[in-house]
Amino acid sequence: TVTGPVFIDGGGLGNSVLLVDNADGAIDYAPNSQYNQAGLKNITLKANRANAGTAFSYHGVVTGAANNPQFTVENVLIRGDGGANYFSRGLYIDNLWYATFKRLSLISGATFYTNAVEIGNNVFAASFDNVAVTGAENCFNVTGAHVEGIEIINSPAACLVAKFFVTGNTSIGSPHFLI
């Protein structure tokens, strides 16, 4: 688990490949302050085993309104190998303000993701631009409460219409989506 500020900038998709042979996934980020920022850019995360956990998890700290982007993902590919090796979940985020996801692709192996992108509790003002998902039971699944201001643009309509679910406790906070 990484707790301080971190930014990983690779050399491009296919050029920088992080092979994951771990049931706990690739990167588990749990910042120790709401002011720490994280970024993932120009890299491929590839499952190198069956059920390689969650490719990237962000478990933030919500102690008040954040005034800066806490998490940025740009030009990232999360994938299985097309065969027996796969991630069980592509991306998980919770307790997060102002996240930006641009050109994120999630491709499963022979076994599909249950949730390609799972949004947990307390996620505010997150933008998903040009997110492509192949081989997932659910493209986006909001499982948490107090989720507001989720914007999903330039993503495949089939993914959004058929595979977007809100299963969280909406009595705590109402999810609002601009799709």
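Scope of this entry: the structure provided in the associated data block.

Of the regular secondary structure elements, the chain holds 1 helix and 17 strands. Among the 179 residues that make up the chain, the fraction classed as buried is 47%. Counting every atom, the chain has about 7700 Å² of accessible surface; 49% of that belongs to carbon and sulfur.

Considering the arrangement of structural elements, one finds Asn 95 in the loop between β7 (89-94) and β8 (96-97). Note on Asn 95: relative accessible area 18%, which makes it buried.

Another point: empty space enclosed by the protein. This model, assessed by the stated rule, comprises 1 cavity of 30 Å³ or more. Reported here for the largest cavity is a volume of approximately 30 Å³. Forming the boundary of the largest cavity are Leu 40, Phe 56, Phe 71, Val 73, Val 76, Ile 78, Leu 91, Phe 101 and Leu 104. Only β6 (71-79) and β9 (99-107) provide two or more residues apiece to the lining of the largest cavity. Looking at the lining of the largest cavity, the element that brings in the most residues is β6, giving 4 residues. Class assignment of the residues belonging to the lining of the largest cavity gives a composition of 9 nonpolar, no polar and no charged.

Attention now goes to the packing of aromatic side chains. Under the criterion given, the structure shown has 6 aromatic pairs. Measuring from ring centre to ring centre gives 5.6 Å for Phe 71 and Phe 101, while their planes differ by 80°; the resulting arrangement is edge-to-face. Of this pair, Phe 71 sits in strand β6 while Phe 101 sits in strand β9, and the two are 30 residues apart along the sequence. Owing to a relative accessible area of 0%, Phe 101 belongs among the buried residues under this scheme. On the numbers, 4.5 Å between centres and 5° between planes, the contact of Phe 101 with Phe 128 is stacked.

Turning to the side chain of Asn 85, a few remarks are in order. Tracing the sequence through the fold places Asn 85 in the loop between β6 and β7. For Asn 85, a relative accessible area of 18% gives the class buried. Here the side chain of Asn 85 touches Asp 81 through a polar contact of 2.9 Å, side chain to side chain.

Moving on, we come to the pattern of salt bridges. Inspection of the entire model under this criterion finds 2 salt bridges. With its nearest N and O atoms 2.8 Å apart, the salt bridge here joins Arg 103 to Glu 74. Of this pair, Arg 103 sits in strand β9 while Glu 74 sits in strand β6, and the two are 29 residues apart along the sequence. A salt bridge links Arg 89 to Glu 118; its shortest N-O distance comes to 2.9 Å. Linking Arg 89 in strand β7 with Glu 118 in strand β10 (residues 113-119), this pair joins segments that are 29 residues apart in sequence.

Soluble globular proteins: nonpolar side chains tend toward being buried together. Membership of the largest hydrophobic core comes to 40 residues, with the highest contact counts inside it found for Phe 71, Ile 93 and Phe 128. Considering each element in turn, this core owes the most residues, 5 residues, to strand β4 (residues 38-47). Setting aside residues no more than four positions away along its own chain, Phe 128 makes contact with Ile 93, Phe 101, Val 117, Ile 119, Phe 140, Ile 150, Glu 151, Ile 152 and Ile 153.

Positive phi values are uncommon outside glycine, yet Asn 42 reaches one of about 55°. Looking at where Asn 42 falls in the secondary structure, it is placed in strand β4. The phi torsion at Arg 103 lies on the positive side, around 50°, for a residue other than glycine.

About the criteria used
- Residues numbered from 1 in each chain as written.
- Predicted model: local features only at pLDDT ≥ 70, side-chain atom pairs only at ≥ 80, totals over all residues.
- Heavy atoms only, no water.
- Helix = DSSP H or I, 4+ residues; strand = E, 2+ residues; numbered from the N terminus.
- Buried < 20%, exposed > 50% of the residue type's maximum accessible area, 1.4 Å probe, protein only.
- Areas by Shrake-Rupley, 256 points an atom, 1.4 Å probe, with all protein chains shown as cover.
- 1 Å grid on protein atoms, 1.4 Å probe; cavity = no way out; pocket = protein on both sides within 12 Å on 5 of 7 lines; lining within 4 Å.
- Points joined across faces, edges and corners; volume = space filled by probe spheres on them.
- Nonpolar A, V, L, I, M, F, W, Y, C, P; charged D, E, K, R; others polar.
- Phe/Tyr/Trp six-rings, centres within 6.5 Å; stacked < 30°, edge-to-face > 60°.
- Polar contact = N/O pair within 3.5 Å; in protein donor to acceptor, adjacent residues only side chain to side chain.
- Salt bridge = Lys/Arg side-chain N within 4 Å of Asp/Glu carboxyl O.
- Core = buried A, V, L, I, M, F, W, Y, C linked by side-chain atoms within 4.5 Å.
- Contact = heavy atoms within 4.5 Å.

Purely geometric stuff here, so don't read any function into it on its own.
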